[in-house]
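Structural overview for review
The residues making up each chain are set out below.
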Amino acid sequence: MRRITIDPITRLEGHGKIEIFLNDAGEVENSYFQVPELRGFEKFAEGRLAEDMPQITQRICGVCPEAHHMASTKALDDLFHVEPPEPAKKLRELMYSAFYVTDHITHFYILGGPDFIMGPEAPVAERNILGVIAKVGLELGSAVIRTRKQNHHIIHMLAGRAVHPVFGQPGGVSKGLNEEERKEVEQIAKDSVEFARLSLKVFDDIVLKNKEYVDMITSDAYTHRTYYMGLVDKKNKVNFYDGKVRVVDPEGKEFAKYSPRQYLDHVAEHVEPWTYIKFPFLKNVGWKGFVDGKSSGVFRVAPLARLNAADGMATPLAQEAYEKMYATLGGKPVHHTLAMHWARLVETLYAAERLLELSQDPEITSPNIRTIPTATPDEGVGIVEAPRGTLTHHYITDKRGVIKKANLIVATVNNAAAVNMSVNKAARALIKPGREITEGLLNRIEMAWRPYDLCLACASHTLPGRSPVPIYVYDSQGKLINSLSG
Amino acid sequence: MAKLKLALYWAASCGGCEIAQLEIGDKILKLAEAADIVFWPVAIDVKYKDVEAMPAQSIDVCLFNGAIRNSEQEHMAKMLRDKSRVMIAYGSCAYEGGIPGLANLYNRQVIFERVYLETPSTENKDKVMPQTRYQAPEGELVIPEFYDTAKTLRQTVDVDYVIPGCPPEEKTTWLALEALLEGKLPPKGTVITHNVKAVCDDCPRKRDVKRVKKFYRTFEIIPDPEICLLEQGLLCAGIATRGGCGAPCPQANMPCTGCYGPVDGVIDQGAHFISAVASVIDSNEPNEIQKIIDDILDPVGTFYRYSLPDSLLRRARIR
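Residue positions within a chain follow its written sequence, with the count starting from 1. Ligands are numbered from 1 and chains lettered from A, in the order in which they are written. Whole-chain, interface and lining totals are the exception, using all residues; otherwise, since this is a predicted model, local features are given only for residues with pLDDT of at least 70 and side-chain atom pairs are given and counted only at 80 or more.

**Digging into the interface of chain B and chain A**
- The partner chain A presents 80 residues to the 70 residues of chain B that form the contact.
- Only DSSP runs of H or I reaching four residues or more are called helices, and only runs of E reaching two or more are called strands; each is numbered from the N terminus. At the level of secondary structure, the elements contributing two or more residues to the side of chain B that touches chain A comprise α1 (16-22), α2 (27-34), β4 (68-70), α6 (108-118), β6 (133-136), β7 (139-142) and α8 (248-251) of chain B.
- It is α1 of chain B that contributes the most residues to the side of chain B that touches chain A, 6 residues altogether.
- Of the residues that constitute the side of chain B that touches chain A, the class distribution is 43 nonpolar, 15 polar and 12 charged. Residues are defined as contacting one another if the C-beta atoms placed from their backbone atoms lie within 7 Å. Classes in brief: Ala, Val, Leu, Ile, Met, Phe, Trp, Tyr, Cys and Pro nonpolar; Asp, Glu, Lys and Arg charged; the others, Gly included, polar.

**Here's the deal with the sheet that holds strand β11 (residues 299-300) of chain A**
Residue and element names in this part refer to chain A.
- Between any two strands, pairing holds if DSSP finds at least two bridges. In space, the 4 strands of this open sheet follow the order β8-β7-β6-β11, with mixed pairing throughout. The two strands at the open ends of the sheet, each matched to only one other strand, are β8 (254-258) and β11.
- In this structure, strand β6 (residues 227-232) lies alongside β11, joined through 2 bridges in parallel fashion. Within the sheet, the bridge partner assigned to Tyr-227 lies in β11 and is Phe-299.

**Focus: the environment of Phe-21 of chain A**
- Mapping Phe-21 of chain A onto the fold places it in strand β2 (residues 14-22).
- Between the C-alpha atoms of Phe-21 of chain A and Tyr-32 of chain A, which are 11 residues apart in sequence, the distance is 8.7 Å.
- Setting aside chain neighbours within four positions, we find Phe-21 of chain A in contact with Met-1, Arg-3, Glu-29, Asn-30 and Ser-31 of chain A together with Glu-138 and Gly-139 of chain B.

**Quick word on unusual backbone geometry**
- Each neighbour pair has its own omega, and for Lys-332 of chain A with Pro-333 of chain A the value is -15°, a cis peptide bond.
- Mapped onto the elements, Pro-333 of chain A comes out in the loop between α12 (316-328) and α13 (340-359).
- Positioned with a positive phi, Lys-127 of chain B is a non-glycine residue whose angle comes to about 50°.
- Structurally, Lys-127 of chain B can be placed in the loop between α6 and β6.
- Of note, Asn-253 of chain B is a non-glycine position whose phi angle comes to about 65°, a positive value.
- Considering the arrangement of structural elements, one finds Asn-253 of chain B in the loop between α8 and α9 (269-280).

**Focus: the sheet that holds strand β14 (residues 403-409) of chain A**
Residue and element names in this part refer to chain A.
- The antiparallel open sheet is built from 3 strands, whose spatial order is β12-β13-β14. The open sheet terminates on both sides in strands that have one partner only, identified here as β12 (379-386) and β14. Mean inter-strand twist for the sheet, computed between neighbouring axes without regard to direction, equals 10°.
- With 6 bridges connecting them, strand β13 (residues 389-397) and β14 associate as antiparallel partners. Its bridge partner being in β14, Ile-396 is matched across the sheet by Lys-405.
- Here an axis means a line fitted to C-alpha atoms, over the contact stretch when the element is a helix, while the angle between two N-to-C directions is reported on a 0 to 180 degree scale. Running at roughly 150° to β12, helix α3 (residues 65-79) makes contact with β12 and β13 of the sheet.

Here it is in structure tokens:
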């Protein structure tokens, strides 16, 4: 049996590794997506003060600390039985919308997008942000960097720090916006809306007008029929900050809709001995292994899943973009993993529009940003949509608010089973006996996990374009027979 | 002049240090002119084999972030030390253990039991636990060994300099990089920051007399925006924490939590913080003092938030 090892995959939360086993005929026998790291936050949260959790748990991920900060802060509202004043909720959502803009565009232009903009088998040296800038022009390239930076500036201004913010408290936030700052946010929001629209046009011109790409997006190698999960508002529109979790089945019918407090009735996690990551599944369907379909409890989260699980977008331009996506791809739900890139851009537009709405809200500069909790703390659950999916924080405390138990179901983890399946299916479809295993071919396998945005940092724009993932092919004796990186 | 060869690596950390390195923004172009990045798993081709093949001392500077919590991280730290002329602990986790270092209050077994057996969402009737080596039907699968104790980089290899912070602020990162690029390196062991005094020295809040009758938790009061937070009874670590960050947390109305580590000359930041807190308690009555300190419910998480592995305490005893 031959073995192809991809180690390490670097662009995910923590370290990652993929093993692909080939049988003697040269066909894919199986593959494993392994996460070789654990830090144990669920344990060492015990004994900490509840109000410190937004700052402690965000150290799970420095790429999306805002998501943990927010899920944790909402869990504290629940735990201390306190309702934040409306302006505080709006400030949280404003900061969170700015965060979504920076996070999503980073993935599209720097991590996932180059595969499409440059082509899946383009020379490795061009398949990166530098190649992207050369192709789309320096003007757009600078706009990518500027938009990221400006939205980071909003986070810094409001939440204290751009990485690991500090403003979330039970019952509100520690800092508000003054009129001068508000005007600045409004201008950045306007620029971001324009930038998001432009990005959708780039996608249209480069991807959708190319039949080969559209065929690839809709091909079976990148398709899984699964359940989908996402947070929705009262009208079943996509919401990142608040609402109920809605799950739809592979036909798109509502399967469940639950409040944060009910999450244990719906989600459970499976353990495998060969990885530190757990595999969440729908409890009421059950764990049937790494398979798709209605009888398997495997579900997916993140941009496409959120759009599939909702009835639309809450802002007008994003709604237009949403309708266009489903019209083009043959209606809801869309099961094509690669369509996540498109869904991510629809969400970017929504985040920018929402940021603009909030920046123009008459209440947004109100100093009424905190309610001091007075009830005895006991138990709380907070759920937000992180860019990479539904994020759940659950704490139980003693009556003084000291954590006794903590449980966390982290966004990326929800997709763990689906990522395994996606890599496996793409590998089976692409690796065939007698077919040379080229770098381009292996990149097409990597394209099966990239849409999930398992990314860590967003740095490739400053660096020479070499493959971020080394791939070694070994024979059954463990002898290196081919190296396909760089 | 030959370009500087730079390596960047991460161990038990969150990725925030990578984002912080990017936050130097436009200056990154200046860095690219003066230095070649030869290893940066997050962004460029990561061949462990390539690093192994590099001659000893062939990398000029390695910026290493993250604590040492498993066998792979220990191996990489030792290998990079061997290949690098200058080894820098970048960020709180490499420097002091950081927040993942709070796991030293427990050990591997109880952490595994909590994560894989006990958490209410876990369904694991057969009590399956991750195995370092596992024989799958198709072949052996290996993952690194998880240690009982998280260690700092200095407890693992010889370290030349420290860039503190969780994560380091942009200006701190650039201060260190500039010194490296210009070849103006400070004496070995230096913690590189703009300010060697405490965070209070950076903080614009007004300070007067610190006499505290009651310590408050952050959710209990809305502090005055202009007055020192410790004087208002919030346990602000600024008094026992190295400055240079610019005091962003107190300016967002939240206390400093101590991420820049101890001030010069102090070996245990938590002990320093405790003694500072003791000195502001406004009472001479043992019973009253006891009552005041009884309100401090999580001393480890408050005084040793980022520094438990590097402190004199190191970890809780394993029974």
